[in-house]
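Structure assessment
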Amino acid sequence: MNRQLFPQNVIGVIWDFDKTLIPGNMQGPLFRHYDINEADFWIEVDGLESFYLDHGAHRVARDSLYLNHILTYVKQGRMPGLSNDLLHDLGAEIEFYPGIPDFFELLRKSIESEPAFAEHQITVEHYVISTGLRKMIEGSQIAPYVAEIWACEFAELIAPPGYAEGQDALFSPDRQIEQLVYTIDNTTKTRAVFEINKGTNRNPGIDVNSKIAAEDRRIPFQNMIYVADGPSDVPVFSVVGANGGRTYAVYRPGSEVEFEQANRLLEQDRIDAFGEADYTEGSQTTMWITSAARQIGRRIVRDREEALAD
């Protein structure tokens with residue numbers, strides 16, 4: 001009797017966000033809204049690790065420093081009234097590389113419309129795993145095409161001492177963001193990939209740390225394509241690639257520095273291929289990703305037909 005939890009006929013295309021789907025960092029509209037010099041902000045963030053180590057810290061969570069610095073700007077009145085709703089609205093101003101978001105839907109339709117794939121109900125799902133801000137991604141153009149987003153989140157609600165005994169929770173003035181409630185860094189991105197792999201995002205009853213047989217995982221690693229831009233994505237490149245998935249790096253068109261960065265990843269066998277961050281029809285990147293998805297689809301068909309024959 002077939003007792004599989006999932007039919008394993010989903011192709012998961014997993015995307016980094018900053019410098020992968022967009023040319024820079026998503027926080028640009030936030031800085032423009034408050035007339036803050038973006039370069040100065042990131043210079044400050046780059047110096048925070050040394051600042052805290054020089055003032056008594058033993059270890060510093062480097063990837064989350066910018067999030068706390070945003071909260072400092074809010075508390076110091078440099079970003080007054082910054083709320084989750086405002087972050088969502090600012091997400092609409094994010095400008096994507098050419099071809100996005102259209103390619104998300106074109107890829108899905110091109111796979112799902114092939115008769116052999118349709119017969120086996122093979123589908124494509126897009127996911128975003130980002131160290132950026134979830135609310136801004138939710139407000140951006142790609143949100144309708146994405147099955148799930150893993151990114152950092154702020155809370156406006158304050159849980160005071162005694163809240164568990166009935167003390168009223170408090171909203172911050174003007175519903176400003178007050179605390180970090182979820183963070184993703186370059187290492188914990190791998191946890192998100194395992195959540196996609198095991199299906200915990202679709203079935204919360206499945207614990208991501210539970211031992212689950214390969215045949216019971218919702219999206220096997222060999223059904224995944226991971227697209228990102230650089231060395232910070234090596235942990236996910238390694239997990240996906242080592243388990244049979246496809247890995248692809250992109251670089252900003254015309255950038256020699258980013259080209260060399262992607263080329264080094266290929267030379268180190270971190271990725272399968274790389275190309276320009278151009279997602280228009282007929283570009284190398286769209287053709288590679290589409291071809292990889294079709295190869296995965298054909299393998300799913302072959303596996304399912306062999307299982308049926310057995």
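In this report, the structure presented in the accompanying data block is examined.

Calculation criteria
- Residues numbered from 1 in each chain as written.
- Predicted model: local features only at pLDDT ≥ 70, side-chain atom pairs only at ≥ 80, totals over all residues.
- Heavy atoms only, no water.
- Pairing = 2+ DSSP bridges.
- Helix = DSSP H or I, 4+ residues; strand = E, 2+ residues; numbered from the N terminus.
- Axes fitted to C-alpha atoms, helices over the stretch in contact; angles between N-to-C directions.
- Contact = heavy atoms within 4.5 Å.
- Left-handed = near helix turned anticlockwise from the far one by under 90°.
- Nonpolar A, V, L, I, M, F, W, Y, C, P; charged D, E, K, R; others polar.
- Salt bridge = Lys/Arg side-chain N within 4 Å of Asp/Glu carboxyl O.
- Buried < 20%, exposed > 50% of the residue type's maximum accessible area, 1.4 Å probe, protein only.

**Digging into the sheet that holds strand β9 (residues 273–276)**
Pairing between the strands of a sheet is mediated by backbone hydrogen bonds and can be parallel or antiparallel. Taken in spatial order, the 7 strands make up an open sheet running β6-β3-β2-β1-β7-β8-β9, and their pairing is mixed. The sheet is open, and its two borders are formed by β6 (179–182) and β9, each paired with just one other strand. Taken over all neighbouring pairs, the strand axes of this sheet differ in orientation by 25 degrees on average, direction set aside. Sheet contacts for helix α9 (residues 234–242): β7 (224–228) and β8 (246–251); angle to β8, the most-contacted strand, approximately 150 degrees. Of the strands in this sheet, β1 (10–15), β7, β8 and β9 are in contact with helix α11 (residues 284–309), which crosses β8 at around 170 degrees.

**Let's talk about the packing of helix α5 (residues 102–112) against α11**
Contact pair α5 / α11: the axes reach a minimum separation of 10 Å and the direction vectors enclose 35 degrees. Judged by the twist between their axes, the crossing of α5 over α11 is right-handed. Of the residues in α11, those touching α5 at Phe103, Leu107, Ser110 and Ile111 are Thr286, Ile289, Thr290, Ala293 and Arg294. Class assignment for the residues of the contact of α5 with α11 results in 5 nonpolar, 3 polar and 1 charged.

**A look at the pattern of salt bridges**
One pass over the structure, following the stated rule, counts 15 salt bridges. The partner of Lys135 in a salt bridge is Glu138, and the shortest N-O contact between them spans 3.6 Å. Separated by 3 residues within a single helix, Lys135 and Glu138 lie in helix α7 (residues 134–138), roughly one turn from each other. The partly exposed category is assigned to Glu138, whose relative accessible area is 24%. Within this structure, Arg134, Lys135, Glu138, Glu148 and Glu153 form a network of salt bridges that share partners.

**Some thoughts on the pairing of β7**
Side-chain positions along a regular strand alternate between the two faces of the sheet. The element β7 is largely enclosed, with a buried count of 5 among its 5 residues. Of the two faces of β7, both are covered, the one formed by Met224, Tyr226 and Ala228 as well as the one formed by Ile225 and Val227. Across 4 bridges, β1 lies against β7 in parallel orientation. Looking across to β7, one finds that Gly12 is bridged to Met224. Here β7 pairs with β8 via 4 bridges, running parallel.

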